[in-house]
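# Structural features, examined
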Amino acid sequence: MSFRDFIKDKIWQILLIIFILMTIEIFLLAYSYGIFIKIYIPVAILSCYFIAILIEYIRKKIYYENIYNLLNKLEEKYLITELIQSPNFSEGEILREILKQVDKSMLENVNKYRYLQEDYKEYIEMWIHEIKIPIATSKMIIANNKNEITKSIDEELDKVEDYVEQALYYARSNTVDKDYYIKKSKLKDIVNECIKKNKSVLINEKISINLYDLDLCVNTDSKWIIFILNQIIQNSIKYRKKEIASEIEIYAEQRKENIVLYIKDNGIGIKEGEITRVFEKGFTGTNGRISNKKSTGIGLYLCKKLCDKLGIAIELNSVQDKGTEVKLIFPNSSYTDMK
Amino acid sequence: MQKILIVEDDEKLRKELEIFFTNNGYEVESLKTFDNTIQDILNINSNLILLDINLPGVDGEYICREIRKCSDVPIIIITSKDNEMDELLSINYGADHYITKPFNIQILLAKTASLMRRSNMEKVQDKINAGDFVVNLSNSTIIKNDKKIDLTKNELKILKYLTEQRGKIVSREEIMEYLWDSESFVDDNTLSVNMTRLRNKLEELGLKELIETKRGQGYILK
């Protein structure tokens, strides 16, 4: 609030004061008072009035500036109502009251959607637990009736399982609460689990696996990492080069600050201009459009989101026609530091 | 014969598990009603329990704790809940393994077998006597009439698998899946090399052509 704006607001008051002073002056001139009184009365009134509005100006300026400063410092601006001090003038009180009510109603509105989302997430989780039973049963039936046809159905069931898993983690990635459970896990166990999960495809497609330097431990939720790693490995399988012998190389490196898990393939790679966009939701790129890869643009997006939640960095490098390398960077902190 | 008790409320899954374990040489019994689950479980004297933790009426974790109060029988929990917290709780309540649906059937079988072995204090089977030769699993050798040859880890696994499946044609994929399940992620070429070396070693022992190649189908141990 500049002084000019403030004066502008007071313009009628000032004009009226001047008008009254002028009428007083006319009366004073009509009678034979001394010159001193003729000057003193208007000057005294005028200066008193100006001191009064100056005080008012300073008070308001301090108050509003204070609010602005707080607002700029706050990341979540709607919390401002909790921080505003009670003003010593009535206009400020009105403003505070309005803000409070607006805030309250907004919070109620936000909470409504939060509950709705929470509710939906719970439903999805329940649904996923339910659907896993018929999948498990079907897999048992297949195990008891092994032949070419059931084997083929089994492969399709694996895909169903993957999609179901993706839906579960998608639901989990969107909530604010912590669904994960951090504990010390061996990278080797995590990687082995993922390879075993994909063994049928890897064996059928003759993709060789090269694992080394994996005897390191990280503090994380291994279930989440298995899911993330699984998405990355499935990408490597999907975007392999048909002409050459495919290979997936997985190894870890202990650095001073962190542990890095590398997942390298010799697949078709990603176009240079598209690398920065691979973690965007729904981004499929050139690779997603060619042939029948059936890209959904969800896999890596989810990986990134889940990594963010777990405090893990994910990086992707790729050279088109040469291959892709994904790095998962685990902080090297102790169990208690994680919080 | 070893007896497995299946506690699973999904009827179809229960039946398939029964068939599967029966086919794999176990005696199987299962609960059909869940009104008095804990007492029923304790009444059946089994060597291992497969327990679903989402049962009607009772909580599987509670069952687990109650069983542990009076029995040390191995328990494998089967569930569709797959988060670390549930897993940790179940293990704390005394379950030996925690497997999530849908499970890898071979791994379930392997875990069952290893738990049974340990709980019965049965000496780990360290020798397979195939009649014409003996495979010693503890020191990874093959023995025939006092002659002994060392085998590598993969060669041992392959020979073990072929011996178990003796007389049946085993495809290369099957062998590879078997190796992968035990975390040797070999590729096609490595398998070929391993097979050749294994054959050479068998030949040294005078067991020439013990492993026969069936073109386009796989191998057979005669």
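Residues numbered from 1 in each chain as written. Chains lettered and ligands numbered in written order. Predicted model: local features only at pLDDT ≥ 70, side-chain atom pairs only at ≥ 80, totals over all residues. Heavy atoms only, no water.

## Let's talk about the overall build of chain A
Going by this rule: Under the scheme used here, helices are H or I runs from DSSP no shorter than 4 residues and strands are E runs no shorter than 2 residues, and both carry numbers assigned from the N terminus. For the radius of gyration, the atom set is restricted to C-alpha positions; the globular benchmark scales as 2.2 Å times the number of residues to the power 0.38. Using a 1.4 Å probe on the protein chains alone, a residue whose accessible area is under 20% of its type maximum counts as buried, one over 50% counts as exposed, and one in between counts as partly exposed. Contacts: residue pairs with any heavy atoms within 4.5 Å of one another. Charged residues are defined narrowly, with Lys and Arg counted positive, Asp and Glu counted negative, and His plus the chain ends left uncounted. Note on charges: their place is set at NZ of Lys, CZ of Arg, CG of Asp or CD of Glu.
Scanning chain A from N- to C-terminus turns up 11 helices and 7 strands. For chain A, the C-alpha radius of gyration of 35 Å lies well beyond 20 Å, the compact-globule estimate for 339 residues. In terms of its C-alpha atoms, chain A occupies a principal-axis envelope of roughly 125 × 45 × 40 Å. In chain A, which comprises 339 residues, the proportion classed as buried is 41%. Summarising the internal contacts of chain A: among those between residues at least 6 apart in sequence, 68% fall at separations of at least 24. Taken together, the 50 basic and 48 acidic charged side chains of chain A have centroids lying 1 Å from each other.

## Observations regarding the overall build of chain B
Basically, it comes down to this: Per-residue accessibility takes into account occlusion by the displayed protein chains alone, with areas from the Shrake-Rupley method and a 1.4 Å probe.
A tally of helices and strands in chain B yields 8 helices and 12 strands. For chain B, the spread of C-alpha atoms along the three principal axes comes to 60 × 35 × 30 Å. Evaluated residue by residue, chain B yields a buried proportion of 48% over its 222 residues. Of the contacts made within chain B by residues no fewer than 6 positions apart, 55% connect residues no fewer than 24 positions apart. Carbon and sulfur atoms provide 45% of the accessible area of chain B, an area that totals close to 11000 Å². A distance of 7 Å separates the average location of the 31 positive side-chain charges in chain B from that of its 38 negative side-chain charges.

## Topic: the pairing of strand β4 (residues 247–254) of chain A
Residue and element names in this part refer to chain A. Cut-off, in case you're wondering: Two strands qualify as a pair provided DSSP detects at least 2 bridges between them.
Where strand β2 (residues 208–212) meets β4, 5 bridges bridge the pair, whose relative direction is parallel. Bridge pairing links Ser 208 to Glu 247 in β4. By the bridge criterion, 7 bridges tie β4 to strand β5 (residues 258–265) in an arrangement that is antiparallel. Within β5, the residue paired with Gln 254 across the bridge is Ile 259.

## Considerations on the pairing of strand β5 (residues 97–100) of chain B
All names here are of chain B. Put simply, the rule reads: Place the viewer so that the strands point away; then a crossover is right-handed whenever the path from the first strand over the helix to the second strand goes clockwise.
Sheet topology note: the strand β4 (residues 75–79)/β5 ladder contains 4 bridges and is parallel. From the neighbouring strand, Thr 79 faces β5, where its bridge partner is Thr 100. What joins β4 to β5 is helix α4 (residues 84–92), and the crossover it makes is right-handed.

## Quick look at the interface of chain A and chain B
One frequently used descriptor of interface size is the decrease in accessible area upon assembly of the parts. So the rule is basically this: By buried area we mean how much accessible surface two parts lose on assembly, using a 1.4 Å probe and totalling the loss over both. Take a side-chain nitrogen of Lys or Arg and a carboxyl oxygen of Asp or Glu: if they are within 4 Å of each other, that pair is a salt bridge. Two N or O atoms form a polar contact when they lie within 3.5 Å of each other; inside protein one atom must be a possible hydrogen donor and the other a possible acceptor, and for residues adjacent in sequence the pair counts only when both atoms belong to side chains. Each residue is assigned to one class: nonpolar for Ala, Val, Leu, Ile, Met, Phe, Trp, Tyr, Cys and Pro, charged for Asp, Glu, Lys and Arg, and polar for all the others, Gly among them.
Contact residues are listed per partner, giving 34 residues for chain A and 32 residues for chain B. When chain A packs against chain B, the two sides together hide about 3200 Å² of surface, and 61% of this comes from carbon and sulfur. Contact with chain B buries surface across chain A, with Met 140, Lys 196 and Ile 203 of chain A losing the most and accounting together for 21% of the total. Counting every contact that joins chain A to chain B gives 5 salt bridges. When the shortest N-O distance is used, the salt bridge between Lys 199 of chain A and Asp 181 of chain B registers 2.9 Å. Between chain A and chain B we count 7 residue pairs in polar contact (both at pLDDT 80 or more) in total. The element contributing the most residues to the side of chain A that touches chain B is helix α5 (residues 90–144) of chain A, with 11 residues. Tallied by class, residues from the side of chain A that touches chain B come to 14 nonpolar, 8 polar and 12 charged.

## Focus on the sheet that holds strand β7 (residues 134–136) of chain B
The strands that make up a sheet are held in pairs by hydrogen bonds between backbone atoms, and each pair lies either parallel or antiparallel. All names here are of chain B. Worth spelling out the cut-off: Comment: axis = line fitted to C-alpha atoms, over the contacting stretch for helices; angle = value between 0 and 180 degrees taken between N-to-C directions.
Pairing is antiparallel in the open sheet, where 4 strands are placed in the order β6-β7-β8-β9. At either margin of the open sheet sits one strand with a lone partner, and together these are β6 (127–129) and β9 (147–150). Averaged over neighbouring strand pairs, the angle between their axes works out to 20 degrees when direction is ignored. Judged from the 3 bridges that link them, β6 and β7 form a sheet pairing that is antiparallel. Among the inter-strand pairings, Lys 127 is bridged to a residue of β7, identified as Asn 136. Helix-sheet contacts for helix α6 (residues 153–164) involve β6, β7, β8 (141–144) and β9, and the interaxial angle to β7 is about 135 degrees.

## Remarks on a nonpolar patch on the surface
All names here are of chain A. For clarity, the cut-off: Patch members must show over 30% relative accessible area and no salt bridge, and they are joined within 9 Å when carrying like charges or within 5 Å when they are nonpolar side chains of Val, Leu, Ile, Met, Phe, Trp or Tyr.
On the surface, Phe 27, Tyr 31, Tyr 33, Ile 35, Phe 36, Ile 37, Ile 39, Tyr 40 and Val 43 cluster together into a nonpolar patch covering about 1100 Å² of accessible area. Counting residues per element, the nonpolar patch draws most heavily on helix α3 (residues 35–73), at 6 residues. For Tyr 33, the location among the structural elements is in the loop between α2 (11–30) and α3. Of the residues examined, Tyr 33 reaches a relative accessible area of 45% and is grouped as partly exposed.

## Things to note about the sheet that holds β2 of chain A
Residues and elements named next belong to chain A. Taken together, the 5 strands give an open sheet; going across it, the order is β2-β4-β5-β7-β6, and neighbouring strands pair in mixed fashion. Both outer strands of the open sheet, β2 and β6 (313–319), are each paired with one neighbouring strand and no more. Averaged over all neighbouring strand pairs, the angle between strand axes comes to 15 degrees, with direction disregarded. Each of β2, β4, β5 and β7 (323–331) is contacted by helix α7 (residues 187–197), which is oriented at about 175 degrees to β2, the strand it contacts most.

## So, the pattern of salt bridges
Residues and elements named next belong to chain A. Under the definition given, this model contains 36 salt bridges over all chains. Residue Asp 158 pairs with Lys 139 through a salt bridge whose shortest N-O separation is 2.5 Å. One end of the pair, Asp 158, is in helix α6 (residues 148–173); the other, Lys 139, is in helix α5, with 19 residues separating them in the sequence. A network of salt bridges, in which partner residues are shared, links Lys 10, Glu 56, Lys 60 and Glu 91.

## A few points about the nonpolar core
Note the following rule: We define the nonpolar core as a collection of buried residues of types Ala, Val, Leu, Ile, Met, Phe, Trp, Tyr and Cys that are connected through side-chain atoms lying within 4.5 Å of one another.
Counting 85 residues, the largest nonpolar core has Ile 228, Leu 261 and Leu 328 of chain A together with Trp 180 of chain B as the members making the most contacts within it. No other element matches helix α9 (residues 222–238) of chain A, which puts 9 residues into this core. If we skip the residues at most four places from it in the chain, Leu 328 of chain A touches Ile 228, Leu 229, Ile 232, Ile 259, Val 260, Leu 261, Ile 263, Cys 307, Ile 312, Ala 313 and Ile 314 of chain A. Within the second largest apolar cluster, 20 residues are counted, among which are Ala 136 of chain A together with Ile 6, Phe 20 and Phe 103 of chain B.

## Things to note about the environment of Lys 206 of chain A
Residue placement: Lys 206 of chain A occurs in the loop between α8 (199–204) and β2. Through-space distance from the C-alpha of Lys 206 of chain A to that of Thr 137 of chain A is 29 Å; in sequence the pair is 69 residues apart. For Lys 206 of chain A, the contacting residues outside a window of four places in its chain are Ser 246 of chain A together with Asp 188 of chain B.

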